[in-house]
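Residue-level listing of the chains:
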Amino acid sequence: MLEVTIGKVTLRLQTAPGLFSPRRADAGTLALLSLLSFDPEDKVLDLGCGYGLVGIFAAHHVAPERVLMIDNDPKAVAVARQNADANGVPEVTISLSDGFRGTRETGFTKIISNPPYHADFAVPRHFIEKGFNRLALGGTLWLVTKRHNWYRNKLAAIFGGCRVHQIDGYHVFEATKLRSRYARLR
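What you are looking at is a predicted structure, and each value in this text was computed from that prediction instead of being measured. (Residues numbered from 1 in each chain as written. Predicted model: local features only at pLDDT ≥ 70, side-chain atom pairs only at ≥ 80, totals over all residues. Heavy atoms only, no water.)

J.: Help me get a handle on the nonpolar core, residues and values and all.
T.: Judged by nonpolar contacts, the single largest core of 40 residues is most densely connected at F38, L53, V67, M69, V92 and I112. Broken down by secondary-structure element, the contributors of at least two residues to this core are strand 1 (2–6), strand 2 (9–13), helix 1 (27–35), helix 2 (53–59), strand 4 (67–71), helix 3 (74–86), strand 7 (135–145) and strand 9 (170–176). Looking at this core, the element that brings in the most residues is helix 2, giving six residues. By size, the runner-up hydrophobic cluster in this structure holds 19 residues, among which are F132, L143, Y151 and I158. (Core = buried A, V, L, I, M, F, W, Y, C linked by side-chain atoms within 4.5 Å. Buried < 20%, exposed > 50% of the residue type's maximum accessible area, 1.4 Å probe, protein only. Helix = DSSP H or I, 4+ residues; strand = E, 2+ residues; numbered from the N terminus.)

J.: I'd like a rundown of helix 4 (residues 122–134), residues and numbers included.
T.: An ideal rise of 1.5 Å per residue puts 18 Å on 13 residues; helix 4 measures up with 18 Å between its terminal C-alpha atoms. Every buried residue of helix 4 is accounted for by P124, H126, F127, I128, E129, G131, F132 and R134. Looking at the buried side of helix 4, the elements it contacts are strand 3 (44–47), strand 6 (108–113), strand 7 and helix 5 (149–159). (Expected span 1.5 Å × (residues − 1). Contact = heavy atoms within 4.5 Å.)

J.: Account for unusual backbone geometry, with residues named and values stated.
T.: Peptide bonds are trans in most cases, and residues, glycine excluded, mostly fall at negative phi. Even without a glycine there, the phi angle at S21 is positive, about 50°. Here S21 shows up in the loop between strand 2 and helix 1. Of note in the backbone geometry, D168 takes a positive phi value of approximately 50° without being a glycine.

J.: I'd like a description of the pairing of strand 3, backed by residues and values.
T.: Both faces of strand 3 are covered, namely the face carrying V44 and D46 and the face carrying L45 and L47. Pairing between strand 3 and strand 4: four bridges, direction parallel. Residue pairing for strand 4: L45 is matched across the bridge by L68. Crossover strand 3 to strand 4 through helix 2 is right-handed. (Pairing = 2+ DSSP bridges. Right-handed = clockwise from strand over helix to strand, strands pointing away.)

J.: Describe the packing of aromatic side chains, listing the residues and the values that go with them.
T.: Each aromatic ring pair is summarised here by two numbers: the centre-to-centre distance and the angle between the ring planes. Applying the stated rule across the entire model yields seven aromatic pairs. With a centroid separation of 5.0 Å and an interplanar angle of 85°, the aromatic rings of W150 and Y151 are classed as edge-to-face. The class for W150 is partly exposed, based on a relative accessible area of 21%. Taken together, the aromatic side chains of F121, W150, Y151 and F173 make up a single cluster linked through ring pairs. For the cation-ring pair, K43 lies above F108, with the distance from its terminal atom to the ring centre recorded as 5.2 Å. Here K146 stacks its cationic end above the ring of Y170, 4.6 Å away from the centre of that ring. (Phe/Tyr/Trp six-rings, centres within 6.5 Å; stacked < 30°, edge-to-face > 60°. Lys NZ or Arg CZ within 6 Å of the ring centre and 35° of its normal.)

J.: Can you lay out the environment of K8 for me, pointing to particular residues and giving the numbers?
T.: The topology assignment puts K8 in the loop between strand 1 and strand 2. Given a relative accessible area of 87%, K8 falls into the exposed group. Considered as a pair, K8 and A25 are 17 residues apart in the sequence and their alpha carbons are 16 Å apart.

Dropping the structure here:
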């Protein structure tokens, strides 16, 4: 069991072998969360939720029913459900989905993800391109990685630009949807 305190929110989270960062809250995820602020009206997607840290944290800042958490691993979805219930936010929606392929939900004001960045770029490409389509105008995609150039360039091509925050060796990207079409394709 992990105990994680971020600001005034303390979460107690079960993990499981095979899930991302099962022994401690990931430093990149904590860097990302340190930058986020929420409006009570936000509609939030935790994309690749793992055991649920990001989505459950968000649900302590917005109405839990305005939070969707998705992951392509059935074990992650089951553990995230247990953690949401145990941390007092059973109203969040948690679904099995391979990226955006298993959900039709749109109109998010925040999509938050710590995408896999140690493999090829197929997954983050999908997250960025399809994430843009699922955001409301004015909504923001937040990503954290240890890689910089590819993400900055891809976000610029799709969103027209992004802010990059450097925290403890991580790059936290903040890309806001300002138009209904991609800026340019690469």
